[in-house]
Amino acid sequence: MNGRLQRIWVLLRLAAALGVGWRFGWAWGAATLGLHAAVLAFAFVQLRWVNRPAPAWGQLLRAWVGEVVASELAFSWRQPWREWAEPDHLPAGATQGVLLVHGFSCNRARWNGWMRRLRAQGVAFVAPTLEPAFGSIDAYADDIEAGVQRLKALTGRMPLLCAHSMGGLALRAWWRRHGAGHAEAPRVITLGSPHQGTRMAALGLGVNAAQMRQGSAWLAQLPGMPDVDCLWTPCDQIVNPAERAMLPGARARRLDGVGHMGLVHSDEAWQLVQDALTSSLSTPRRI
């Protein structure tokens, strides 16, 4: 559903830019396309007062530039038009697997760059699109379990679980429902996940947005997980205050000068995945 909505949004933006350009000049038309960059700039500026210690202006500027590029790539190209450009990869004989879980208002194309790189490495992966797009996060647990079972059947071991944003909460909801059925706990990496809620969820639509609000009853009842790395950034314009991206008891890893969407594109996040895959090679497989 998110892909269809974003296709409509892209076409509306283009139509508005053409209309403004035709009526008032093409420079104004181009400026219309850049309105989202101005909105993003405000979102980053307010972090100077929301987060303590406040991120430096240079860090915020670098994060904003990267976020303009990352958000356009995600919401104007990959997610609307390239959702299935990188199909799930389940090669015979694979010994390692990765489950990729996207966040709010996204789909599986959020991981297209990672999927290409994992395919080149011969690593199996599954990336579900979570539906209903604006339904309860609990509704995603069964799709996640299906992906885990596909990868376990292929590799004989629990896959590495990687999640961006709301996807980290979806993994915790999956663990609450299905964790008892697994003999081993997964290694989990979350990127900018609102483990303790986020003030920005008050602006979102849908049941899942309400569940991500600070102080929500649903979030208070959500269990933790035993083996988690939380990558977070003080320049996160979506999950803030910044400490809300840290799951109590998890390993917190700070990354400066990067925005919310940019976390997926960071070298640090990819290196976390590579380190986790290397570590798993020394762990005996469970058949």
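Quantities reported herein were computed from a predicted structural model and do not represent experimental measurements.

With that settled, consider the side chain of Arg108. Tracing the backbone through its elements, the reader meets Arg108 in the loop between strand 1 (97–101) and helix 6 (112–121). A distance of 2.8 Å separates a polar atom in the side chain of Arg108 from the backbone oxygen of Glu86.

Attention now goes to the sheet that holds strand 3 (residues 160–164). Pairing is parallel across the open sheet formed by six strands, whose spatial order is 2-1-3-4-5-6. Only two strands of the sheet have a single neighbouring strand rather than two, namely strand 2 (124–126) and strand 6 (251–254). For this sheet the average axis-to-axis angle between neighbouring strands, irrespective of direction, equals 20 degrees. Sheet topology places strand 3 next to strand 4 (residues 188–191); four bridges connect them, and they run parallel.

Each pair of packed helices can be described by the angle between their axes along with the distance between the axes. Helix 8 (residues 166–178) packs onto helix 7 (residues 141–155) with a crossing angle of 80 degrees between their chain directions and a minimal axis gap of 8 Å. Classified by the interaxial angle, the pair formed by helix 7 and helix 8 is roughly perpendicular. Along its contact with helix 7, which presents Ala141, Asp142, Ile144, Glu145 and Val148, the element helix 8 presents Ala170, Leu171, Ala173, Trp174, Arg177 and His178. Residue composition of the contact of helix 7 with helix 8, grouped by class: seven nonpolar, one polar and three charged.

Right, let's get into the pattern of salt bridges. Summed over the entire model, instances satisfying the criterion amount to eleven salt bridges. Between Glu86 and Arg119 there is a salt bridge, with the nearest N and O atoms lying 3.2 Å from each other. Placement of the pair is Glu86 in the loop between helix 5 (57–81) and strand 1 and Arg119 in helix 6, with a sequence separation of 33 residues. On the basis of relative accessible area, Arg119 is assigned to the partly exposed category, the value being 28%. Arg251 is the salt-bridge partner of Asp227, the closest N and O atoms lying 2.6 Å from each other. With a gap of 24 residues between them, Asp227 in the loop between helix 10 (217–220) and strand 5 (228–232) and Arg251 in strand 6 connect regions that are remote in the sequence. By relative accessible area, which is 26% here, Asp227 ends up partly exposed. You can call Arg251 partly exposed: its relative accessible area is 35%. Linked by salt bridges that have partners in common, Arg187, Asp227, Asp229, Arg251 and Arg253 make up one network.

The rules behind each value
Residues numbered from 1 in each chain as written. Predicted model: local features only at pLDDT ≥ 70, side-chain atom pairs only at ≥ 80, totals over all residues. Heavy atoms only, no water. Helix = DSSP H or I, 4+ residues; strand = E, 2+ residues; numbered from the N terminus. Polar contact = N/O pair within 3.5 Å; in protein donor to acceptor, adjacent residues only side chain to side chain. Pairing = 2+ DSSP bridges. Axes fitted to C-alpha atoms, helices over the stretch in contact; angles between N-to-C directions. Parallel < 35°, antiparallel > 145°, perpendicular 65-115°, else oblique. Contact = heavy atoms within 4.5 Å. Nonpolar A, V, L, I, M, F, W, Y, C, P; charged D, E, K, R; others polar. Salt bridge = Lys/Arg side-chain N within 4 Å of Asp/Glu carboxyl O. Buried < 20%, exposed > 50% of the residue type's maximum accessible area, 1.4 Å probe, protein only.

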